[in-house]
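What follows is the residue order along each chain.
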Amino acid sequence: MYYPGLEGKNALLIGGNSNIGQYVSLLLAESGANIVIACRDTKRGNEIAEEARAFGKGEAVVVKTDCSDWEAIENAVSRVHEFGAIDILYHGVGGDWPGHFLDLDPELWDKLYQLNFKNILMAYKIVLPIMKQQRSGCFITMSSVMGRIPTPMEPIYGALKCGLIYLAQTLALDLGPYGVRINVVAPGPTPPKDPDRLSEGSLLKTLIENKELVENLTAEILPQIPLGKLGDPEACAHAVLYLASPVTGGYQTGQVIGVDGGWWMPK
Amino acid sequence: MYYPGLEEKNVLLIGGHSNLGQHVTKLFAESGANIVIWARDTKKAEQVATEARRSNKGEVAVVEVDATDWDSVEHAVKKTQEFGELDIFYQGVGWDVLGHFLDLDPGLWDTIYERNFKSVMMAYKIVLPIMIAQRNGCFISMSSVMGRRPTPIEPVYGAFKCALIHLAQTLALDVGQYGVRINVVAPGPTPPKTLDSVSANSTFHDFMADMDEFRAIEKSFAAQIPLQRTGDPENCAHAVLYLASPVTGGYQTGQVIGVDGGWWMPK
């Protein structure tokens, strides 16, 4: 699908190679943006970049990036600068090891913080000064329904995903006067269409290999979702594009778009 | 702009001819839907219909309807069913008089209730049984940022716009199991570019009767909005289309999409 106003815009996608991010990359490419996919699994990244180039519109490049490494993010940003301004930043990295709080190994706390929160703090700290100076920019991070509904199986992940909403909204207040928009997409449980379309190192990949756990989780979750089904990664990617396009989302900042079958209903 | 999955879908729009609704109509027409505009001001509605027919895709009809009159709405539904299924319903009627609660004539309470709340209840009561029987349908109602944050000059209107969110979410829980989605768009202040562009009964005729006063209110609002400006009706209409398209919004129910420059930031 084509979203207007994105032709020739430059987008950096951290995690633009995995479950939801790959469709964000492809929709941006279809809409004529230049994309830089920053990821660890460059094999998967290059496959997406190739699909993106098949639209015959913008550029699509892949930069090997450890998104917890300050210099690596700076390097990815400088790759975008070769195209010009950094118009859109999509941060889609995250993951969890499901388990009740008291069962969860405290060794995982720092890892969850690094993966789901600190990485995003770093991206904001590096990219927002640039967008502020540009007097233009659009930053989209991924929260989760688990950051809006307390879910005992994802206690720390959920708390950090909630923190991401609060952070985005706080920064949206800071940056609004400079024409920089910061928004959040909060998916419900969104399994891949095909496990082969996940990046190496995806925690979701590890999770879905545990078929028994997935069955139990799904049986627990489904009755709570008004639409009675799990999400689809491509459908979810449209929320990112809707927010990114200045034509459709240009008056939005500090917003959270839930794509969760109605599991959480915001006021 | 073209939103996929709407070709030959049948769409009813109450108030699909005024400030925001006319742009919703146009986008549905561009996406290939069949459209029935319900309006009191059929002259304005015919103008919008003529414009919509230029897309040369689906059918476009106008039916004279008083959105607060049960028989009138029922008659219009029957007439629209001649097209076939009732896939999408847009309820865009709203009306207010600006003023603090203690300054507001109590004689207006019932009118504000009927136009902003009872008319929507009536539409739900008549349309949802049809959508349940179809096992398919999408209902979109319009709230307002005034229904999310208390605003002293729109006290009663704001309370009803808040109630509309609660009602939509309650009903979304009821009908989700039948594949019927109910969502809400909550615009910020979104004045028309000119008064010629709205219907004869539009609330903006009152709001903009004293232009100096209106501009002063607009300015005071803009100063509180992170993006520091008021909204644009055409831009806002995209939120309705995003939710209506099964490709982009198919996993959404009970959601509220704010298009308010960040004035309200939901959790």
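It should be noted that the structure appears before, not after, this text.
The sections below set out a description of the structure shown in this document.

Rules behind the numbers
- Residues numbered from 1 in each chain as written.
- Chains lettered and ligands numbered in written order.
- Predicted model: local features only at pLDDT ≥ 70, side-chain atom pairs only at ≥ 80, totals over all residues.
- Heavy atoms only, no water.
- Core = buried A, V, L, I, M, F, W, Y, C linked by side-chain atoms within 4.5 Å.
- Buried < 20%, exposed > 50% of the residue type's maximum accessible area, 1.4 Å probe, protein only.
- Contact = heavy atoms within 4.5 Å.
- Pairing = 2+ DSSP bridges.
- Helix = DSSP H or I, 4+ residues; strand = E, 2+ residues; numbered from the N terminus.
- Axes fitted to C-alpha atoms, helices over the stretch in contact; angles between N-to-C directions.

On to the nonpolar core, then. Residues Leu28 of chain A together with Phe28, Trp38 and Phe89 of chain B are the most contacted members of the largest nonpolar core, which totals 135 residues. With residues up to four places along the chain from it excluded, the contact list for Phe89 of chain B reads Leu12, Ile14, Trp38, Ala123, Val127, Met131, Cys138, Phe139 and Ile140 of chain B. Ranked by size, the runner-up nonpolar core spans 45 residues in total, among them Val77, Leu104, Ile130 and Phe139 of chain A.

Bringing the sheet that holds strand 5 (residues 137-142) of chain B into the picture now. Within a beta sheet, neighbouring strands are joined by backbone hydrogen bonds and run either parallel or antiparallel to one another. All names here are of chain B. In space, the seven strands of this open sheet follow the order 3-2-1-4-5-6-7, with parallel pairing throughout. Every other strand in the sheet has two partners, leaving strand 3 (60-64) and strand 7 (256-259) as the edge strands with one partner each. Averaged over all neighbouring strand pairs, the angle between strand axes comes to 15°, with direction disregarded. The sheet contact formed by strand 6 (residues 180-187) and strand 7 spans four bridges and is parallel. For Val185, the partnering residue across the bridge sits in strand 7 and is Ile257.

Residues and elements named next belong to chain B. Its place among the elements puts Ala186 in strand 6. A relative accessible area of 0% places Ala186 in the buried class. With 25 residues separating them along the chain, Ala186 and Lys161 place their C-alpha atoms 8.7 Å apart. With residues near it in sequence (within four places) discarded, Ala186 still touches Ser143, Ser144, Val145, Arg148, Val256, Ile257, Gly258, Val259 and Asp260.

Residues and elements named next belong to chain B. Of all five residues in strand 1 (residues 10-14), five are buried, a share of seventy percent or more. With burial as the criterion, each face of strand 1 is covered, one bearing Asn10, Leu12 and Ile14 and the other bearing Val11 and Leu13. Here strand 1 runs beside strand 2 (residues 34-39); their pairing, made up of five bridges, is parallel. In the sheet register, Ile14 faces strand 2, and the bridge partner there is Trp38.

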